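Residues per chain, in single letters:
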Amino acid sequence: MEMKNLEKAMDIYARLVTGEDVGRSGANASLYEDYYGNAEVYEILSVMLKKLNLHIYEYKESLFLSPGDGNRVFGYTNEEMKRAMGLRYNRELYLAYFIIYEILLLFYSDSASYQFKEYIRIENVVGDVTKTLSVFTKDIAIYDIDEEKEESFKTIALLWDELPASTGENQEDIKASRASKSSLVKLVFNFLINENLFIEVSRRYYPTQRFAALVENYFEEYRGEIYDALSRKREDVSDENVLSEKSNDAGKETVSL
């Protein structure tokens, strides 16, 4: 191993972990070229990041770091997340996680689709969260999931259902808080902005390249347990609707005869 290659690998890591851009253009363009053009630099950095439980992603000729699952150094614990978002209870945190996941799905629903929306609004997120969680406040017994997950989904669904749509403010005056559906989504967006995942312009939320990189690679590598669970739920609902329609059709045919 050449010392200069170790130094280059360490330099790339240092720039990325402190939030600097490392891409084909810009101040760190030479480091980007070292990463892709020097096999030893690539290997050293890959081993280093694996040991640190970090993932490196590339998007539009730029590199991004993301903590691996359970990373206590570079990630957040649940308690740290609650403090960062101003939440008090675990059920509020889990609902915030769910909101983040629905935001993710608004931009990237599966690995076959790489088309990102330009922006979304708070009302888009409120609508999608309400639609998805409404399934769990109807007849949860029809779903084939274990009891622990059933109760977890039901808990956040009921918490969301109890919140008013807003506290009377218009879209221009929504304040981040736990008081309503809109204000809770605003609170989540504020956290995502602080993490350099979104920027806000005139109440529109635009995803950054960092967000795009993480979302795309998330679906490519993990798909996600919650995604699989929700997919099964939607399929079950669809099957129930089909059976209901067939039953109704059969009843109509009997009557017509």
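Please read these numbers as outputs of a predicted model, since none were measured by experiment.

Novice: Please clarify how the confidence of the model for the protein chain should be interpreted in this entry.
Specialist: Interpreting fine coordinate detail is not advised for predicted regions of low pLDDT. On average, residues of the protein chain score 79 in pLDDT, and 73% of them are at 70 or above. Below pLDDT 50 for its whole length, residues 140-145 participates in 12 contacts with residues either more than four positions away or in separate chains.

Novice: Please explain the packing of helix H5 (residues 90-107) against helix H8 (residues 181-194) as it appears in this structure.
Specialist: Helices that pack against each other are described as a pair by the angle of their axes relative to one another and the distance between those axes. It is the contact of H5 with H8, at a shortest axis distance of 10 Å, that shows an interaxial angle of 75°. Between H5 and H8, the crossing angle belongs to the class labelled roughly perpendicular. Of the residues in H8, those touching H5 at Leu95, Ala96, Ile99, Ile100 and Ile103 are Leu184, Val185, Val188, Phe189 and Leu192.

Novice: Can you help me understand the packing of aromatic side chains in this one?
Specialist: The geometry of an aromatic ring pair is captured by the separation of the ring centres together with the interplanar angle, meaning the angle of the planes. Applying the stated criterion to the full structure yields 11 aromatic pairs. With centroids separated by 5.6 Å and ring planes inclined at 65°, the aromatic side chains of Tyr76 and Phe191 adopt a geometry described as edge-to-face. With Tyr76 in the loop between strand E3 (62-67) and helix H4 (78-85) and Phe191 in helix H8, this pair connects stretches of sequence that are 115 residues apart. On the basis of relative accessible area, Phe191 is assigned to the buried category, the value being 9%. Relative to Tyr205, the ring of Phe189 lies with its centre 3.8 Å away and its plane at 10°, an arrangement referred to as stacked.

Novice: Can you help me understand helix H2 (residues 29-37) in this one?
Specialist: Since the α-helix turns once every 3.6 residues, residues separated by three or four places project in the same direction. All of the buried residues along H2 are Ala29, Leu31, Tyr32, Asp34 and Tyr35. In this structure, the buried residues of H2 make contact with helix H1 (3-17), strand E1 (22-23), helix H3 (39-51), strand E2 (54-58) and E3.

Novice: What is the right way to read the nonpolar core from this model?
Specialist: Note on soluble globular proteins: their nonpolar side chains tend to be buried together. Ranked by size, the top nonpolar core spans 48 residues in total, and within it Ile99, Ile103, Trp160 and Phe189 carry the most contacts. When contributions to this core are tallied by element, the ones reaching two or more residues are H4, H5, helix H6 (122-133), helix H7 (147-162), H8 and helix H9 (209-221). The element that contributes the greatest number of residues to this core is H5, accounting for 11 residues. Once residues lying within four places of it in the same chain are set aside, the contact partners of Trp160 are Leu95, Ile99, Val126, Val129, Thr130, Leu133, Lys181, Leu184 and Val185.

Novice: Help me understand the sheet that holds E3 in this model?
Specialist: Each strand in a sheet pairs with another by means of backbone hydrogen bonds, the pair being arranged parallel or else antiparallel. Spatially, three strands are ordered E1-E3-E2 in an open sheet, and the strand pairing comes out antiparallel. Here the strands that pair on one side only, and so sit at the sheet edges, are E1 and E2. The pairing of E2 with E3 spans five bridges and is classified as antiparallel. Paired with Glu58 across the strands is Leu63, a residue of E3. The strands that H1 touches are E1, E2 and E3; relative to E3, the one it contacts most, it runs at about 70°.

Novice: Would you mind showing me how to read the pattern of salt bridges here?
Specialist: Where side chains of opposite charge bring their charged atoms close, a pairing between them can arise. All chains considered together, the criterion is met by nine salt bridges. In this structure, Arg24 engages Glu33 in a salt bridge whose closest nitrogen and oxygen atoms are separated by 2.9 Å. Looking at Glu33, the relative accessible area reads 37%, which means it is partly exposed. Close ionic contact of Arg24 with Glu61 constitutes a salt bridge, the shortest N to O distance being 3.0 Å. Of this pair, Arg24 sits in the loop between E1 and H2 while Glu61 sits in the loop between E2 and E3, and the two are 37 residues apart along the sequence. It is possible to trace a salt-bridge network through shared partners that takes in Asp11, Arg15 and Glu20.

Novice: Please explain unusual backbone geometry as it appears in this structure.
Specialist: Backbone phi values are negative for most residues with the exception of glycine, while trans is the configuration of most peptide bonds. Positive phi, normally seen in glycine, also occurs at Asn53, with a value near 60°. Looking at the secondary structure, you find Asn53 in the loop between H3 and E2. The phi torsion at Asn196 lies on the positive side, around 60°, for a residue other than glycine.

Novice: Looking at this structure, how should I read the packing of H1 against H3?
Specialist: Interhelical geometry of H1 versus H3 gives an angle of 50° and a closest axis separation of 8 Å. As summarised for this structure, H1 and H3 are arranged oblique, according to the angle between their axes. As for how H1 packs across H3, the hand of that crossing is right-handed. Along the contact surface, H1 presents Asn5, Leu6, Lys8, Ala9, Met10, Ile12 and Tyr13, while H3 presents Glu40, Val41, Ile44, Leu45, Met48 and Leu49. Looking at the contact of H1 with H3, its residues break down into 10 nonpolar, one polar and two charged.

Novice: Would you mind going over H5 with me for this structure?
Specialist: With 18 residues, H5 should reach 26 Å at 1.5 Å per residue; the first-to-last C-alpha distance of 26 Å fits that figure. Extensive coverage of H5 is indicated by the burial of 13 of its 18 residues.

Thresholds, definitions, all that
- Residues numbered from 1 in each chain as written.
- Predicted model: local features only at pLDDT ≥ 70, side-chain atom pairs only at ≥ 80, totals over all residues.
- Heavy atoms only, no water.
- pLDDT = per-residue confidence, 0-100.
- Contact = heavy atoms within 4.5 Å.
- Axes fitted to C-alpha atoms, helices over the stretch in contact; angles between N-to-C directions.
- Helix = DSSP H or I, 4+ residues; strand = E, 2+ residues; numbered from the N terminus.
- Parallel < 35°, antiparallel > 145°, perpendicular 65-115°, else oblique.
- Phe/Tyr/Trp six-rings, centres within 6.5 Å; stacked < 30°, edge-to-face > 60°.
- Buried < 20%, exposed > 50% of the residue type's maximum accessible area, 1.4 Å probe, protein only.
- Core = buried A, V, L, I, M, F, W, Y, C linked by side-chain atoms within 4.5 Å.
- Pairing = 2+ DSSP bridges.
- Salt bridge = Lys/Arg side-chain N within 4 Å of Asp/Glu carboxyl O.
- Left-handed = near helix turned anticlockwise from the far one by under 90°.
- Nonpolar A, V, L, I, M, F, W, Y, C, P; charged D, E, K, R; others polar.
- Expected span 1.5 Å × (residues − 1).

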